[in-house]
Structure formats: structure tokens, C-alpha cells
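# Descriptive analysis of the structure
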Amino acid sequence: MQELTHWINGKHVKGTSGRFADVYNPATGEVQAKVPLASRSELDAAVADAARAQAAWGATNPQRRGRVMMAMVGLINRDMDKLAEALSREHGKTLPDARGDVQRGLEVIEYCINAAQMLKGEFTDSAGPGIDMYSMRQPLGVVAGITPFNFPAMIPLWKLGPGLSCGNAFILKPSERDPSVPLMLAELFKEAGLPDGVLQVVNGDKESVDAILDNETIQAVGFVGSTPIAQYIYGRGCTNGKRVQCFGGAKNHMIIMPDADMDQAADALVGAGYGAAGERCMAISVAVPVGDKTADALIERLVPRIEKLKVGPYTAGNDIDYGPVVTAAAKQNILRLVQSGVDQGAKLVVDGRDFKLQGYENGYFVGPHLFDNVTTDMDIYKTEIFGPVLSTVRAKSYEEAIGLAMDHEYGNGTAIFTRDGDAARDFASRINIGMVGINVPIPVPLAYHTFGGWKKSGFGDLNQHGPDAFRFYTRTKTVTSRWPSGLKEGGEFHFKAMD
Ligand code: NAD
């Protein structure tokens, strides 16, 4: 069986802790590799080496750092198919989805080519007599990123692009469920010209995460994952004096107004609810049709579309709609929540509980589920299911619908489908959620805007990528300088020659 490694000082390095986690092929349920779980001392040693490498990298001019990003863009494009295949094999998502995962990360690397522009600072000429003032953005030193299983290329790249191009050294702790793609990305960064030691990939679990949070050299931590872990990391990281941003779970509502194009809304819901087996933080998991007529028209269109979905392994070709979920435990949790929905009185309109795939009986496939008549007290409404399960909550009015989304504890993404500009505008303005779609079901902002949720979906005050990332990975120093000797009355310059 393949034994994966850490990536330390520009090389693959075997783990020495003696602890490993199994990495599964979710389509077959087979263990295909084992990944080392770093000890505190392995993590601390990687950080110490990173700190030494950072001094020269931080002093490299930002245009040269941007050129490493430029080379990286070419290398990721060159290896796109290889990366996507490795990603699908460990995560389970379809190949087109895996390419999308790499592509959305790549776009942030493209944005970071422009590091010199982002870091050029501010200058005020003559802030007072003979006084100039300027602000510069300096790297923090060593920073860390802790990332989830569901986007093993995109989210590491969202962190590495800005973190590295700002001049920091980076400790990446990827998800232990699909660690191969982050290791492949580290190899590509070396090929792109990144000096050894500036990027260390340390595989691990809670032990290495706690070591990151307690290590005094690490200045900032960016986390993406579930909300309970986000809250834990935010609390412990901040207490230890670090800059911390944590992005958590979600329960994204899509409101369907009576005037919406129902076919378009149904198509959007099927893609956003079931794509990637619902394992996206921006998946729509709650449909809120306004009025019973709208709800009936929507359900009538959703059912045949959902029943046509093709579920299978990524190897079965590009017409597969979604693959398995990531682990046996994830599958059990989804089916447990589905059962709770039935027990608590929701109507299961499409029942995927008996789904089986011939030849893949040990894989973690879950059939699609659609619930109607879901109410806010049910577990399937309150909990992030992270599977192919869409809940329909019928609202009597627009006010009730927007109120549902506003009252939910999560605030990552939301959407409204309507032809009414007033309603769309009011929704975008009032909603207390970070990312909003108008007739767009998954409104993921592009690389040059920023990505982040509100309420229990985001902790910390700066978002991911876009200009916010350049603020997160640098600190501002402001210099006030005065050279009074050159000023003469009347403003004429007086130069006193030295003898
Ligand atoms: P997770 O919270 O289980 O794991 C995320 C990271 O935290 C991993 O690297 C893991 O090793 C580490 N971790 C796990 N348990 C830990 C513990 N007890 N102590 C310290 N570290 C621990 O999340 P996941 O299952 O990998 O990812 C799915 C979750 O991520 C979902 O909730 C999803 O909504 C969320 N997510 C959010 C965003 C966003 O931008 N808001 C994006 C993608 C995923």
C-alpha cells in the first residue's frame, strides 16, 4: 500500500510519529494509501525551517514572487488532468467537478501574479511642513492553513496564493482524507521556483492542528471546515495571539418567488443541491418556494429531474452527475438524518435510501433525496447534512421566506429566483448572509472579489482571496518622516552644501 509523506524543505519526507490515517477510495471502500499524522515535534521542526527560509523569501521583491505564481499557472494547466484524476480518486467527485476544483484554485493563483500591485502601499506627500507619510504592507512571517476534504485543490490554493505572494512562509495542514493533491501542488510550487522550506505540507489530525495553534512562530492561521472546529480554532488561535480567520459550515436557502421561471429554478436546484453529492459549502440544501402554488409547480418539476440523476464512480465517464460521499461515516450520518426527517414528519418525496450500485456495493454512494413540508424545528432543517438531500420549506409570503434565511444560524450563501427587480434588490440589501445570488444558485465570488460567510459560517473579520487576502497575510507599517532642514521661508528649497 502506498505510504504518503509530508513535504518538508522541498522534499517528500516520511512521517516519524508512527501514527497514520487510512485514505480510502470512496467509490470502492478500499484503503488505497496511508497518510502520516505529524507529531507536535515534527510540526515544530517544519516551522523552524520555514522561519529560516522566510527571511530571504520575504525580502524578495514582490514582482519576482508574482513570477513564481505565473509559472505555477502554466504548471497547473499542464498537469490539470493528472491533478483532477488524483483528486477524484480520493474525494470521489466526478472528473469535470475535480477539474472545476483545480480551476477555481488556479484563478486565485492568477490573481496573485499581480502581487506587486496589491502590495504597493500608500503615500501622502506633505502631510505637514516637510513631513511625508507612507504605509507599507509587510509579510507576517510564518503563517498556516488548515483545510477541509471537500475542495482539496481549491482551498489550499486560495490560501497558498496570497499567503506566499505576500512574502510569508506557509505551513499547510490539508485534510487527512484526501492529502495527495496538496502534495502534488507542493511539487509544482518547487518546479515554479519557490525556494525550499517556504512551503511545508504537514499532514496530520488534531495533534498537528493543536501544535499549529500553540506554536509561537506562527503568526496567522486560516481555517476552512466545519463550524464546531472553526469555533475551536478561532478561540484557541486568538487566545494565543494569532491573527485567525475561520470559515465554517452552511445551510444555504434558495427562495423561489411565484414569478420565477420554474424550469430554470428547478434546473438550478438540481445542480446546486445534488452536484458533488451535496458536499459543497455553497450547496443549496433548503428550497423555499413562496406560496403553495409555487411549491407544487416546483416539486412537480424537481421530481423527474432528480430521478434522472446518474450516480456513479468518476471512472464511469463524464455523464455521471455525482459520485460517492467521502467516508462510510459520512454516509451513515446522512442516512441517519434522512431517517430523522421521516420520523419527525417531513414528506420524503424522492427516497434514495435503498440506492445500490452494482459492482460498487462497498462504495459510499447515497441516492438523491427530496423532502417536502419540512419545518424549522426538524433536525434536517437545523443541521448541515452535507449530502444529496434537499429540504423544501413552504413559505406563505416573501417576508416569511427571507425571515427563514435570516433566522438560521448559518450565513454562508443564499439565492433568490424571481423576475421582480424590487424583490431581488430588497433581498440583496436586507439579507444577513455573506454571498447572495440573484437567479444564480451558487454565487461563489471570483478570485478578485472576496469569499466569506456571516454568522456561524465565518469567524474573523477578513474574507478569503481578493484584496482581503492581501490584508490578512500582511501587516501595515506607517512611517512618518520629516526633513525640516531643506525648507526655507517662502517654500524655496535651500540646500546646505557640506564642507
Ligand atoms: P472538518 O472540520 O472535519 O475538518 C477540517 C480540518 O480540520 C481538517 O484539516 C481536519 O484535519 C481538521 N480537524 C478535524 N477535526 C479536528 C479537531 N477536533 N481539532 C482540530 N482540527 C480538526 O471539515 P471537513 O469535513 O473536512 O469539511 C467539511 C466542512 O467544511 C463542512 O462543514 C463545510 O461546510 C465546510 N466548508 C466550509 C467552507 C467555507 O468557505 N465556509 C468551504 C468548504 C468547506
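Residues numbered from 1 in each chain as written. Predicted model: local features only at pLDDT ≥ 70, side-chain atom pairs only at ≥ 80, totals over all residues. Heavy atoms only, no water.

### Comments concerning the overall build of the chain
Helix and strand counts for the chain stand at 16 helices and 23 strands. For the chain, whose C-alpha radius of gyration is 25 Å, the value lies close to the compact-globule estimate of 23 Å for 499 residues. Across its three principal directions, the C-alpha atoms of the chain cover 95 × 60 × 40 Å. Counting over 499 residues, the chain shows a buried share of 56%. By sequence separation, contacts in the chain at least 24 residues apart represent 72% of the contacts at least 6 residues apart. Carbon and sulfur atoms provide 50% of the accessible area of the chain, an area that totals close to 20,700 Å². Distance between charge centres in the chain, computed from 51 positive and 58 negative side chains, equals 4 Å. (Helix = DSSP H or I, 4+ residues; strand = E, 2+ residues; numbered from the N terminus. Rg over C-alpha atoms; globule rule 2.2 N^0.38 Å. Buried < 20%, exposed > 50% of the residue type's maximum accessible area, 1.4 Å probe, protein only. Contact = heavy atoms within 4.5 Å. Areas by Shrake-Rupley, 256 points an atom, 1.4 Å probe, with all protein chains shown as cover. Lys, Arg positive; Asp, Glu negative; His and termini not counted. Charge placed at Lys NZ, Arg CZ, Asp CG, Glu CD.)

### Quick word on the environment of L95
Residue placement: L95 occurs in helix α4 (residues 95-112). Overall, L95 belongs to the buried group, its relative accessible area being 19%. When the C-alpha atoms of L95 and G323 are compared, they prove to be 9.8 Å apart, with 228 residues separating the residues in sequence. Beyond its immediate stretch of four places on either side in the chain, L95 contacts A84, E85, S88, Y314 and N318.

### Quick word on the sheet that holds strand β16 (residues 369-372)
Strands sit in the order β15-β16-β17-β14-β13-β19-β20 across an open sheet of seven strands; the sheet is mixed. Only two strands of the sheet have a single partner each, and these edge strands are β15 (347-350) and β20 (435-438). Mean inter-strand twist for the sheet, computed between neighbouring axes without regard to direction, equals 20°. Sheet topology note: the β16/strand β17 (residues 389-392) ladder contains three bridges and is parallel. Residue pairing across strands places F371 opposite S391, the latter belonging to β17. Seen against the sheet, helix α15 (residues 421-430) touches β13 (252-256), β19 (413-417) and β20 and runs at an angle of roughly 170° to β19. (Pairing = 2+ DSSP bridges. Axes fitted to C-alpha atoms, helices over the stretch in contact; angles between N-to-C directions.)

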